[in-house]
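Residue-level listing of the chains:
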Amino acid sequence: QLQASGGGLVQAGGSLRLSCAASGRSFENYAIAWFRQAPGKERQFVAGIAWNGGSKFYTDSVRGRFAISRDRDGNTAYLQMSSLKPEDTAVYYCAVRSRVYVLPGRKESDYNAWGRGTQVTVSS
């Protein structure tokens, strides 16, 4: 139902744009978030966007470098990543909040629909 894409190998300082496309059902009334999991680490919240795109949240380490957005139909979300650092290397996942009309949460348990991840590798 969710498919993340756009990952790849990039040099430090470069940019990538991740996409998260929904199919089979509409997510327009749900918050969407991006998480990432680096090797040997727990999956962590990266960014989230409210169901109407009006509120956006970021983890401190990416604020000012990453930007989350979504299409007006609500079924595709993006994560524009700039000024990438080696520590951004991880598998990135998109997720849809389990409840409608609420703000994005920062916990994995807030989400009940997950896409397959896309690998982002930043070389130094």
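Since this is a predicted model, take the numbers as computed values, not measurements. (Residues numbered from 1 in each chain as written. Predicted model: local features only at pLDDT ≥ 70, side-chain atom pairs only at ≥ 80, totals over all residues. Heavy atoms only, no water.)

Asker: Any details on the packing of aromatic side chains? Residues and values, ideally.
Answerer: For any two aromatic rings, the description comes down to two numbers: the centre-to-centre distance and the angle of the planes. Tallied over the entire structure, the rule returns 6 aromatic pairs. Between Phe-27 and Tyr-30 the ring centres are 6.4 Å apart and the planes differ by 80°, which places this aromatic pair in the edge-to-face class. An identical accessibility class is assigned to Phe-27 and Tyr-30; each is buried. Members of the aromatic cluster, each reached through a chain of ring pairs, are Phe-35, Phe-45, Tyr-111 and Trp-114. Taking the ring centre of Tyr-30 as reference, the NZ or CZ of Arg-25 above it sits at 5.3 Å. It is Arg-43 that lies over the ring of Trp-114; its NZ or CZ is 4.0 Å from the centre. (Phe/Tyr/Trp six-rings, centres within 6.5 Å; stacked < 30°, edge-to-face > 60°. Buried < 20%, exposed > 50% of the residue type's maximum accessible area, 1.4 Å probe, protein only. Lys NZ or Arg CZ within 6 Å of the ring centre and 35° of its normal.)

Asker: Can you tell me about the state of the cysteines, naming the residues and giving the values?
Answerer: Under the definition given, this model contains 1 disulfide. Through a disulfide, Cys-20 is tied to Cys-94; the S-S separation comes to 2.2 Å. Residues Cys-20 and Cys-94 share a disulfide whose torsion about the S-S bond is about 75°; that sign makes it right-handed. Remark: Cys-94 occurs in strand β9 (residues 90–100) and Cys-20 occurs in strand β3 (residues 16–22); sequence separation between them is 74 residues. As far as burial versus exposure is concerned, Cys-20 and Cys-94 are alike and both buried. (Disulfide = S-S within 2.5 Å. Helix = DSSP H or I, 4+ residues; strand = E, 2+ residues; numbered from the N terminus.)

Asker: Describe the side chain of Asn-75, with residues and values.
Answerer: Mapped onto the elements of the fold, Asn-75 is located in the loop between β7 (66–70) and β8 (76–81). Judged by relative accessible area, Asn-75 falls into the buried class, the value being 18%. Within polar-contact distance, the side chain of Asn-75 engages the backbone nitrogen of Phe-27 at 2.6 Å. Once residues lying within four places of it in the same chain are set aside, the contact partners of Asn-75 are Cys-20, Ala-21, Ala-22, Arg-25, Ser-26, Phe-27 and Glu-28. (Polar contact = N/O pair within 3.5 Å; in protein donor to acceptor, adjacent residues only side chain to side chain. Contact = heavy atoms within 4.5 Å.)

Asker: An account of the nonpolar core is needed here, citing residue identities and associated values.
Answerer: Of all hydrophobic cores here, the largest spans 29 residues; its most connected members are Trp-34, Val-46, Phe-66, Leu-79, Met-81 and Tyr-92. A per-element tally of this core places β9 first, with 4 residues. Ala-33, Phe-35, Phe-45 and Tyr-111 belong to the second largest nonpolar core, which has 5 residues in total. (Core = buried A, V, L, I, M, F, W, Y, C linked by side-chain atoms within 4.5 Å.)

Asker: Let's hear about the pairing of β3: which residues, and what values?
Answerer: Across 4 bridges, strand β1 (residues 2–5) lies against β3 in antiparallel orientation. Bridge assignment links Gln-3 to a residue of β3, and that residue is Ala-21. (Pairing = 2+ DSSP bridges.)

Asker: Could you give me a rundown of the sheet that holds β7, with the residues and numbers involved?
Answerer: Read from one edge to the other, the open sheet built from 4 strands follows the order β1-β3-β8-β7, with strand pairing classed as antiparallel. The open sheet has two edge strands, β1 and β7, and neither has a second partner. Ignoring which end each strand starts from, the neighbouring axes of this sheet average 15° apart. As judged from the 5 bridges shared by β7 and β8, these two strands associate in the antiparallel manner. Along β8, the bridge assignment pairs Arg-70 with Ala-77. (Axes fitted to C-alpha atoms, helices over the stretch in contact; angles between N-to-C directions.)

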